[in-house]
Amino acid sequence: MEIRKFKPYGQWVWGEYDFYVNNKIVAKFRTQLIGSDYVYVYFLPQIYRDEYCIRIDKRYMTHDEALDKAIKIVQKKLYALASNILSDIRHVEKEK
């Protein structure tokens, strides 16, 4: 997994990152307003139809700690998604 700074117009928007696996974006880490108490992790695989969002309360943590928490969330979600796919591959059902 690779974490890149979000650069929409060639300049980095402070505190915003994109998560990539095999050069495909899987999640994004965004702040809504500078100085707000929450950051958001948007999980983007097609099965969620770009609607899955987790809110992280960062009142008592630094921005780097919130990013570390987001990394753990994305890793757990991707691991759960991959293990579900592998278990579905293992169990084959034929239609008769």
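Further up the page is the structure itself.
Here the residue numbering is sequential within each chain, running from 1 through the sequence in written order. At least 70 in pLDDT is required for a residue's local features to be given in this predicted model, at least 80 for side-chain atom pairs to be given and counted, and no such filter applies to totals for whole chains, interfaces and linings, which use all residues. As a rule here, side-chain values cover all heavy atoms of the structure and leave hydrogens and water aside.

Caption draft 1: Expanded view of the pattern of salt bridges. When a carboxyl oxygen of Asp or Glu is within 4 Å of a side-chain nitrogen of Lys or Arg, the pair counts as a salt bridge. Scanning the entire structure with this criterion turns up four salt bridges. Its salt-bridge partner being Arg30, residue Glu16 comes within 3.7 Å of it at the nearest N-O pair. Here Arg30 lies in strand β3 (residues 24-31) and Glu16 lies in the loop between β1 (2-5) and β2 (17-21), a separation of 14 residues in the sequence. For the exposure calls, accessible area comes from a 1.4 Å probe over protein chains only, and a residue counts as buried if that area is under 20% of its type's maximum, exposed if over 50%, partly exposed in between. The exposure class assigned to Arg30 is buried, which follows from its relative accessible area of 10%. One salt bridge connects Arg59 with Asp57, and the closest N-O pair in it is separated by 3.1 Å. Assessed through its relative accessible area of 32%, Asp57 is described here as partly exposed. Runs of E in the DSSP output that reach at least two residues are strands. Runs of H or I that reach at least four are helices, and both are numbered from the N terminus.

Caption draft 2: Structural detail: unusual backbone geometry. Positive phi, close to 55°, is recorded for Asn22, a residue that is not glycine. We classify Asn22 as exposed; its relative accessible area is 70%. Here Asn23, not a glycine, exhibits a phi torsion of approximately 60°, which is positive. Among the structural elements, Asn23 can be located in the loop between β2 and β3.

Caption draft 3: Examining helix α1 (residues 63-90) more closely. Between its first and last C-alpha, α1 extends 41 Å over 28 residues, near the 40 Å set by a 1.5 Å rise per residue. Looking at α1, one finds that the buried residues are His63, Ala66, Leu67, Ala70, Ile71, Ile73 and Val74. By the convention used here, residues are in contact when the closest approach between their heavy atoms is within 4.5 Å. Those residues of α1 that are buried lie in contact with β1, β2, β3, β4 (38-43) and β5 (52-57). Multiplying one less than the number of residues by 1.5 Å gives the expected span of a helix.

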